[in-house]
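Report on the structure
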Amino acid sequence: MDLVTLVLGILLVGTGFVTLIRKLHDRSFHEALAVVRNAHGDTVRAVGSFVSMTVPIVSSIATGIAFLALAILLVR
């Protein structure tokens, strides 16, 4: 069980970082940042679109770290 948990954690963290790097080079990410910077009256919508783009990436990395911590605890 601990080997499966370790592999799943590494896979989730790796997938999260690869997705993050791909998003940083994506044009839509930079457009979303520009909208957040230039949003004067509709800040909530601009921040919401940016957050909806980054939540899956952060969630994948955080879940992977949690699985890695669980794998380390299962080894002890």
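Heads up: the structure comes first, above all this text.
Since we're looking at a predicted model, the values are computed, not measured. (Residues numbered from 1 in each chain as written. Predicted model: local features only at pLDDT ≥ 70, side-chain atom pairs only at ≥ 80, totals over all residues. Heavy atoms only, no water.)

1. Some thoughts on a nonpolar patch on the surface
A contiguous nonpolar surface patch, about 370 Å² in accessible area, is contributed by L3, L6, V7 and I10. As for its position among the elements, L3 is in helix 1 (residues 2-24). With a relative accessible area of 60%, L3 lands in the exposed category. (Patch = residues over 30% accessible without salt bridge, like charges linked within 9 Å, V, L, I, M, F, W, Y side chains within 5 Å. Areas by Shrake-Rupley, 256 points an atom, 1.4 Å probe, with all protein chains shown as cover. Salt bridge = Lys/Arg side-chain N within 4 Å of Asp/Glu carboxyl O. Helix = DSSP H or I, 4+ residues; strand = E, 2+ residues; numbered from the N terminus. Buried < 20%, exposed > 50% of the residue type's maximum accessible area, 1.4 Å probe, protein only.)

2. So, helix 1
With 23 residues, helix 1 ought to run about 33 Å at 1.5 Å a step, and its terminal C-alpha atoms sit 33 Å apart, in line with that. The set of residues buried in helix 1 consists of T5, G9, V13 and G16. Tucked into the core, helix 1 has its buried residues touching helix 3 (43-75). (Expected span 1.5 Å × (residues − 1). Contact = heavy atoms within 4.5 Å.)

3. Regarding the pattern of salt bridges
For the structure shown, the criterion picks out one salt bridge. The salt bridge partner of E31 is R27, with a shortest N-O separation of 3.0 Å. Taken as a pair, E31 and R27 lie in helix 2 (residues 27-38) at a separation of four residues, close to a single helical turn. A residue is classified by how much of its surface remains accessible, and E31, at 40% relative accessible area, is partly exposed. R27 gets classed as exposed once you look at its relative accessible area, which sits at 65%.

4. Quick word on the packing of aromatic side chains
Here the structure, examined in full by the defined rule, presents one aromatic pair. Ring geometry for F29 against F50: centres 5.6 Å apart, planes inclined by 45°, an arrangement best described as tilted. Within this pair, whereas F29 is found in helix 2, its partner F50 is found in helix 3, the two being separated by 21 residues in sequence. Taking relative accessible area as the criterion, F50 reaches 21% and is therefore assigned partly exposed. (Phe/Tyr/Trp six-rings, centres within 6.5 Å; stacked < 30°, edge-to-face > 60°.)

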